[in-house]
Amino acid sequence: MLKEFRKSQKLMGNIFEITVVDDNETIAFDHIEAAVSEIRRIEKLLTTYSDHSQTNLINKNAGIKPVKVDAEVFQLIERSLRISDITDGYFDISYGGIDKTFWNFDRKMKQLPDPELVKEHLKLVNYKNILLDAESQTIFLKEKGMRIGFGGIGKGYAAEMAKRILQSRGVVSGVVNASGDLSTWGSQADGKPWTIGIADPDNAALPFSYMNITNTSVATSGNYEKFVMIDGKKYSHTINPKTGMPVSGIKSVTIICPNAEIADAMATPVTIMGIEAAIGLVNQINHLECIIIDDHNKIHSSKNINFK
């Protein structure tokens, strides 16, 4: 008899929950371990917390020399730059120069960073200064002090790759949930589609809506996860790469599309670029949908979303 087997584990600094449908517990957990190993492998490649990761080597050599990377890292950066182009730079993996330096969302932060200093560091944020050489498979950050980071796309990429590993092992149904960036395929053990709750921004434990999905990815980003209050105003952990300042005015964004990497990457620009512009952009892209909840709890959605 088919059953759902699941395991939660901290990976890439987030809780990943992996669910597989199988009739054999031992085999199911073998599959899950294979997915965990794949996520760990990706973490080693992309992390900025290890001196030996390829990301760190790229950052260390900013303004000095190009760095040869694995094809996988090269292609991920290539796709990231394509998303930067599509979103007019509101998605930008070179945000690393402003992210950690000024914003620490551990609630101890009591004042905004110096705008002049932020402005100075913003000069280093420009995806057009990430130079790729396909022939030699190298990445070069043009300016000294530039930094890249995969915080806006890495979880989704890992979820997508873990799903592929499970599918290659013959798992016909499952869910990889990377702290709200999730990828589903097949159906639940009882044959029904997977039911996904979209968190209520005012109470993350209570969904405001449910979706029945299969072979679909969903990414949700909200200011209820990480934020600071300064002078009575809530600042979300999502930083606008063009201003160096956190976003305000939007409580949560949910992106729905077939690929977890794209869903994860699009959640950031949709949060930042303003509701009208964001929905206009999403409506132009095939198989991409979004739901935005603003600070006044008003729901805005792309054209193919229907709330019952």
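Residues numbered from 1 in each chain as written. Predicted model: local features only at pLDDT ≥ 70, side-chain atom pairs only at ≥ 80, totals over all residues. Heavy atoms only, no water.

(A) Structural context of the overall build of the chain. Along the chain, the regular secondary structure elements total eight helices and 15 strands. Taken against the 2.2 N^0.38 rule, which gives 19 Å for 308 residues, the C-alpha radius of gyration of the chain at 20 Å falls within 12% of a compact globule. C-alpha extents for the chain along the principal axes are approximately 60 × 50 × 40 Å. Within the span of the chain, comprising 308 residues, buried residues form 53% of the whole. Within the chain, contacts between residues separated by at least 24 positions form 60% of all contacts whose residues are at least 6 apart in sequence. With an accessible surface of roughly 14,900 Å², the chain has 50% of that area assigned to carbon and sulfur atoms. Where the 35 positive side-chain charges of the chain centre and where its 37 negative ones centre are 2 Å apart. (Helix = DSSP H or I, 4+ residues; strand = E, 2+ residues; numbered from the N terminus. Rg over C-alpha atoms; globule rule 2.2 N^0.38 Å. Buried < 20%, exposed > 50% of the residue type's maximum accessible area, 1.4 Å probe, protein only. Contact = heavy atoms within 4.5 Å. Areas by Shrake-Rupley, 256 points an atom, 1.4 Å probe, with all protein chains shown as cover. Lys, Arg positive; Asp, Glu negative; His and termini not counted. Charge placed at Lys NZ, Arg CZ, Asp CG, Glu CD.)

(B) Summary view of the sheet that holds strand E1 (residues 3–11). With respect to topology, eight strands assemble into an open sheet ordered E1-E2-E6-E7-E10-E13-E14-E15, the strand pairing being antiparallel. Each edge of the open sheet carries a strand with a single partner, namely E1 and strand E15 (299–301). Sheet twist, expressed as the mean angle between neighbouring strand axes with direction ignored, is 10°. Relative to strand E10 (residues 217–222), strand E7 (residues 181–185) runs antiparallel, the two sharing three bridges. Directly across from Ser-183, in E10, lies its bridge partner Ser-217. Contacts from helix H7 (residues 260–272) reach E7, E10, strand E13 (250–257) and strand E14 (289–294), with the element oriented near 150° to E13. In this fold helix H8 (residues 275–284) packs onto E13, E14 and E15, with an angle of close to 170° to the strand it touches most, E14. (Pairing = 2+ DSSP bridges. Axes fitted to C-alpha atoms, helices over the stretch in contact; angles between N-to-C directions.)

(C) Broad picture of unusual backbone geometry. Located in the positive-phi region is Asp-88, a residue other than glycine, with phi close to 60°. By secondary structure assignment, the location of Asp-88 is in the loop between helix H3 (71–86) and helix H4 (96–102).

(D) Representation of the packing of aromatic side chains within the structure. Taken as a whole and assessed by the stated rule, the structure comprises one aromatic pair. Ring geometry for Phe-5 and Phe-29: centres 5.9 Å apart, planes at 70°, overall edge-to-face. Taken together, the residues span a long stretch of sequence, with Phe-5 in strand E1 and Phe-29 in helix H1 (residues 25–46) at a distance of 24 residues. With relative accessibility at 10%, the residue Phe-5 sits in the buried group. For Phe-29, a relative accessible area of 28% corresponds to the partly exposed category. (Phe/Tyr/Trp six-rings, centres within 6.5 Å; stacked < 30°, edge-to-face > 60°.)

(E) Expanded view of the sheet that holds strand E3 (residues 67–68). Read from one edge of the open sheet, three strands run E3-E5-E4, paired in antiparallel fashion. Pairing within the sheet leaves two strands with one partner each, and these edge strands are E3 and strand E4 (130–133). Packed onto the sheet, H3 meets E4 and strand E5 (138–141) and runs at close to 130° relative to E4.

(F) Fine view of the environment of Leu-122. Within the element layout of this structure, Leu-122 appears in helix H5 (residues 115–122). Here the alpha-carbon distance between Leu-122 and Ser-94, two residues 28 residues apart in the chain, equals 9.8 Å.

(G) View of the pattern of salt bridges. Enumeration over the complete set of coordinates arrives at nine salt bridges. As a salt-bridge pair, Arg-164 and Glu-160 come within 3.9 Å of each other at their nearest N and O atoms. Of this pair, Arg-164 and Glu-160 both sit in helix H6 (residues 154–168), four residues apart, which is roughly one turn of that helix. A single network of salt bridges, built from pairs that share partners, joins Glu-38, Arg-41 and Glu-72. (Salt bridge = Lys/Arg side-chain N within 4 Å of Asp/Glu carboxyl O.)

(H) A look at the side chain of Ser-221. Mapped onto the fold, Ser-221 is located in strand E10. Here Ser-221 falls in the buried class, since its relative accessible area comes to 14%. The residues touching Ser-221, leaving out its near neighbours within four places in the chain, are His-237, Thr-238, Lys-251, Ser-252, Val-253, Ala-267 and Thr-271.

(I) The pairing of E4, seen in detail. The pairing of E4 with E5 spans four bridges and is antiparallel. Across the sheet, Leu-131 pairs through a bridge with Phe-140, a residue of E5. A loop of four residues connects E4 with E5, the two strands running antiparallel in sequence, and Gln-137 in this loop sits at a positive phi of about 55°.

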